[in-house]
Amino acid sequence: MYTNISSYSNSSGNLQIHNVITWWMRSLLTVALTLLFSFPTPYAQTAERGDIQGTVIDKKQDKLLVAQPVTLTIHKADTTETQETTTDENGNYGFENLPLDPSVHYTVSTVHGGTNYAEKDVVLSTWAPNIKIDFEIGGFTDDKTQIRVNSHSFVIAPPPPDHAPDGAVTVIEAVGVENLSDLPFKTTHGTQPVGLHLTLPKGTEGFQPHQSTELRLNPVTNEAIRTMPLPPGETHLGYTYIFHVEKDRLDLSRRLNFATKQFIFFVPEGIDFVPSAKFFGAPTREQIHNNIYLIYQSTAPKAFAAGATVDLVLTVNMGSARDALPGQTSNLGQLVLIAVAAALTGGFFVAALFKLRTADNSPNSDTDDTSSPSDVGWLRKLSSDDLEHVRVARLEFITHLDDKHEKQEISERVYKRLRREQTERLTTLLDQQKRGNNA
């Protein structure tokens, strides 16, 4: 058999078979290369580019808006770029081929009836490469019963180093407020339409919003004003100010504009601040950023009603107050993290998520910061150990959200908004960790 095959190896028949096989191999290779270079791989698209899309609906007339202009503003470091498009016959718009870069932030906006509707601080990442932002315009609700403050948190801190030792303290407030309606909420402050106004105690100094584009202080009425309508779902607001102890009391009481579920105080150990109201239970004691805090949570059986004046007085040893909280650091970035954590979780998971250091940790050289930094700014001032703990906390909170959503204990709208927000912040954190490792 072998002899026969060998005898025909040089025959014209075998030569033809060889030529046919060679032709088929070349043809298959050509087809494979054509397919390879004609269709980019899904992985490359997903890993590098993303998109923002959505629908524009006129809620007043209950119809989709066709040919409605939509603008995308791209924020890169100190520069901005814009792209514009219009909705199609189904009211849909889209911006495609956008980079998945955590240092790039987007604002999507549209103007209708003289009102500007915008979604700010949108970040695309490998965890969220495709984001859907719908605009329900033309309709608002002014029903205050649809607005609920889930958590109102206070962190007491030292005053700025250049402040006179006159009993002043820094107060950081973080508010987690939820719009239960399907429409944006708009109310009036005086004669002006606003999205929200929160009363502050009389005597505040140096008001600084954590997001300057969202809040401002009305010095006449002493209220923090959010000028834009409050969108459906969860929104987190925060601000910092200086306040003074008077007659051995730190009186942060105020009239509530909206029903409030819970109040939380973070008080540094070693300074005799104690809430006087009976609805505050016994404190828990937690070590956060090398400082020990006593955490007081309100335990009222039902929400504090809108229109009520709530007792937020802390009695204090005046001598200790005038010493400006000895032994405490003043990294406001870290303190803002504590307040935001309480606003996000309602206080119930603060101990689990933000016990950032144990007694075995050696002290790190945290840089004191008396400004009110942005989300990226204060992350830059955390140590590598703290960044890792915050990363774990973010992941645990996302897991908690997923669990709540699976058990149908949170609405779809609120779940998507919170999860997107936490994913974007996690991306910023990971980028900061990467920069630190490369430094």
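These numbers come from a predicted model, not from an experiment.

Our next topic: the overall build of the protein chain. Per the secondary structure count, the protein chain includes nine helices and 27 strands. Looking at the protein chain as a whole, 46% of its 439 residues are labelled buried. Considering only residue pairs separated by 6 or more positions, the protein chain has 73% of its internal contacts joining residues 24 or more positions apart. For the protein chain, the exposed surface amounts to about 22,600 Å²; the carbon and sulfur share of it is 52%.

With that settled, the discussion passes to the pairing of strand E18 (residues 233–244). Burial analysis of E18 places twelve of its twelve residues in the buried class, which makes it a mostly covered element. Summarising the sheet, strand E11 (residues 168–179) and E18 pair through twelve bridges and their orientation is antiparallel. Its bridge partner lying in E18, asparagine 179 is registered against glycine 233. Bridge analysis of strand E15 (residues 205–209) against E18 gives three bridges, and the strand direction is antiparallel. Across the sheet, the residue bridging to glutamate 205 is isoleucine 242, located in E18.

Quick look at unusual backbone geometry now. Non-glycine residue alanine 77 carries a positive phi angle of around 50°. Within the element layout of this structure, alanine 77 appears in the loop between strand E3 (69–76) and strand E4 (79–86). For alanine 77, a relative accessible area of 78% gives the class exposed.

Pairing within the open sheet is antiparallel, and its three strands lie in the order E19-E27-E23. Across the chains shown, the open sheet's two edge strands, defined by having one partner strand only, are strand E19 (249–251) and strand E23 (274–275).

Here the focus is empty space enclosed by the protein. Counting across every chain of the model gives three cavities of 30 Å³ or more. Approximately 110 Å³ is the volume attributed to the largest cavity. Taken together, 13 residues line the largest cavity, and the ones lying closest to its centre are His152, Leu198, Leu256, Asn257 and Thr260. Those elements giving two or more residues to the lining of the largest cavity turn out to be strand E10 (147–157), strand E14 (196–199) and strand E20 (254–255). Of the residues in the lining of the largest cavity, the class split is seven nonpolar, four polar and two charged.

Moving on, we get to the side chain of glutamate 178. Tracing the chain through its elements places glutamate 178 in strand E11. Taking the relative accessible area as the measure of exposure, glutamate 178 reaches 10% and is therefore buried.

The subject of this paragraph is the nonpolar core. Counting 39 residues, the largest nonpolar core has Tyr239, Leu250, Leu252, Phe265 and Phe273 as the members making the most contacts within it. Apart from residues no more than four positions distant in its own chain, leucine 250 is found in contact with Ile156, Val169, Phe243, His244, Val245, Phe273, Leu312, Val313, Leu314 and Val316.

By secondary structure assignment, the location of glycine 50 is in strand E1 (residues 49–58). Spatially, the C-alpha atoms of glycine 50 and proline 99 are 6.2 Å apart, while their sequence positions differ by 49 residues. Ignoring any residue separated from it by four or fewer positions in sequence, one finds glycine 50 in contact with Phe95, Glu96, Asn97, Leu98, Leu100, Leu124, Pro129 and Asn130.

Attention now goes to the pattern of salt bridges. Within this structure, the stated rule accounts for six salt bridges. Note that lysine 132 and aspartate 134 form a salt bridge whose closest N and O atoms lie 2.7 Å from each other. Residue classification places lysine 132 among the exposed positions, given a relative accessible area of 51%. The residue arginine 148 makes a salt bridge to glutamate 178 at a minimum N-O spacing of 2.9 Å. Taken together, the residues arginine 148 in strand E10 and glutamate 178 in strand E11 connect sequence positions 30 residues apart. A relative accessible area of 33% places arginine 148 in the partly exposed class.

Moving on, we get to the confidence of the model for the protein chain. Per-residue confidence for the protein chain gives a mean pLDDT of 76, with 70% of residues at or over 70. The low-confidence segment residues 1–11, where pLDDT is below 50, has three contacts with residues more than four positions distant or belonging to other chains. In this model, residues 348–375 is a region of pLDDT below 50 whose contacts with residues beyond four sequence positions or in other chains number 66 contacts.

Attention now goes to the environment of aspartate 101. Turning to its location among the elements, aspartate 101 is positioned in the loop between strand E5 (92–99) and strand E6 (104–112). Taking the C-alpha atoms as reference points, aspartate 101 and serine 125, separated by 24 residues in sequence, lie 6.4 Å from one another. With near-sequence residues (within four places) excluded, aspartate 101 lies in contact with Val123 and Leu124.

Within the secondary structure, asparagine 222 sits in the loop between strand E16 (215–218) and strand E17 (223–226). At 3.1 Å, the side chain of asparagine 222 forms a polar contact with the backbone oxygen of leucine 200. A distance of 2.7 Å separates the side chain of asparagine 222 from the backbone oxygen of proline 201, its partner in a polar contact.

Conventions used here
- Residues numbered from 1 in each chain as written.
- Predicted model: local features only at pLDDT ≥ 70, side-chain atom pairs only at ≥ 80, totals over all residues.
- Heavy atoms only, no water.
- Helix = DSSP H or I, 4+ residues; strand = E, 2+ residues; numbered from the N terminus.
- Buried < 20%, exposed > 50% of the residue type's maximum accessible area, 1.4 Å probe, protein only.
- Contact = heavy atoms within 4.5 Å.
- Areas by Shrake-Rupley, 256 points an atom, 1.4 Å probe, with all protein chains shown as cover.
- Pairing = 2+ DSSP bridges.
- 1 Å grid on protein atoms, 1.4 Å probe; cavity = no way out; pocket = protein on both sides within 12 Å on 5 of 7 lines; lining within 4 Å.
- Points joined across faces, edges and corners; volume = space filled by probe spheres on them.
- Nonpolar A, V, L, I, M, F, W, Y, C, P; charged D, E, K, R; others polar.
- Core = buried A, V, L, I, M, F, W, Y, C linked by side-chain atoms within 4.5 Å.
- Salt bridge = Lys/Arg side-chain N within 4 Å of Asp/Glu carboxyl O.
- pLDDT = per-residue confidence, 0-100.
- Polar contact = N/O pair within 3.5 Å; in protein donor to acceptor, adjacent residues only side chain to side chain.

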